[in-house]
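Residue strings, one per chain:
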Amino acid sequence: MSVIIAPSLLAADFSNFAGAVAEIDASGADWVHLDIMDGQFVPNLTFGPKLAADLRPHSASVFDVHLMVREPENLAPAFAQAGAGYITFHAEASLHSHRLLGAIRNLGKKAGISIIPSTAVYYIEELLPFVDLVLVMTVNPGFGGQVLIPQCLEKVKKLVKIREEQKLSFLISVDGGINEQTAGLARQAGADVLVIGSAFFAETGKSTLVTRLRG
Ligand code: DX5
Ligand code: ZN
């Protein structure tokens, strides 16, 4: 299976999101990644479920929602209603992660868990049988355009090993600092999904970029 490419709207022109999802669909990428920031869990703000709902008819792609918020259980239902395919939240932001993963699946959505660079894989190990996706942050969340922290890719390798040992089937996603150079490292480590923000929107030849990212 080819790697899934998920361009992030965080790097789009915020005055033209409909144009941005049209560009993503036309590029041959697979998913639209929506970064939800609350100014609390991360020191930045983006947008909420209304934007996702309003964009839904403008795109045929899966909406991959990444909640970088405190108390994600308050927002997950609204994003399910807005047409998210995957809803991923941070293990560091939710005490009852297991309960929320179940709630997301009960809403008929794929459930994802994410960890920031300072969180080890073992912190989420007990949750792995209950997730559809693990999002490994390869930068500290909050801003696009940062440099990938290569040590974070070791976590991808660990997750691949655990997935094999336990015969699980979750996808492994990497997010932060992905570009043509680092995409190869992420693929080699075993990533199934590449989230790409600034490097995608900075590129004029988006479909050839997507092809090259797939390796
Ligand atoms: C960072 C976000 C990322 C961001 C990646 O907090 O979670 O999804 O859009 O942007 P780049 O690809 O520019 O690092
Ligand atoms: Zn993200």
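Basis of the calculations
Numbering of residues starts from 1 in every chain and runs along the sequence as written. Here the convention is simple: chains get letters from A, ligands get numbers from 1, in the order in which they are written. Side-chain atom pairs in this predicted model are given and counted only at pLDDT of 80 or more, local residue features only at pLDDT of at least 70, and totals for whole chains, interfaces and linings cover all residues. Processing note: side-chain calculations cover all non-hydrogen atoms of the structure and skip hydrogens and water entirely. Only nitrogen, oxygen and sulfur atoms count as donors, using a 2.8 Å cut-off from the metal that widens to 3.2 Å for Na, K and Ca. Water is left out, so coordination shells may look unfilled. Here the metal geometry follows the donor angles, with tetrahedral for four donors whose angles all fall between 85 and 135 degrees, square planar for four and octahedral for six when opposite donors are more than 155 degrees apart and every other angle is between 65 and 115, and irregular for all the rest. Under the scheme applied here, a residue whose accessible area is under 20% of the maximum for its type counts as buried, over 50% as exposed, and between as partly exposed, the area being computed with a 1.4 Å probe on protein chains only. Note on definitions: salt bridges are taken to be side-chain nitrogens of Lys or Arg within 4 Å of carboxyl oxygens of Asp or Glu. Helical segments are the DSSP runs of H or I of at least four residues, strand segments are the runs of E of at least two, and each set is numbered from the N terminus.

### Brief notes about the coordination of the zinc ion (ligand 2)
For the zinc ion (ligand 2), every protein donor is listed as H33 (NE2), D35 (OD), H66 (ND1) and D175 (OD), and the spread of their distances is 2.0 to 2.3 Å. For the zinc ion (ligand 2), the six donor atoms are set out with angles of 68 to 167° between them, so the coordination reads as octahedral. In the primary structure, the donors to the zinc ion (ligand 2) are separated according to the pattern H-x1-D-x30-H-x108-D. Judged by relative accessible area, which is 4%, D35 ranks as buried.

### Thoughts on the pattern of salt bridges
Overall, the coordinates contain eight salt bridges when judged by the stated rule. A salt bridge links D54 to K50; its shortest N-O distance comes to 2.6 Å. Here K50 and D54 lie together in helix α2 (residues 49-55), a separation of four residues that amounts to about one turn. Judged by its relative accessible area of 60%, K50 falls in the exposed class. For D132, the salt bridge goes to R105, with nearest N and O atoms at 3.0 Å. Taken together, the positions of D132 in the loop between β5 (110-115) and β6 (133-137) and R105 in helix α4 (residues 97-106) put the pair 27 residues apart, joining distant regions of the chain.

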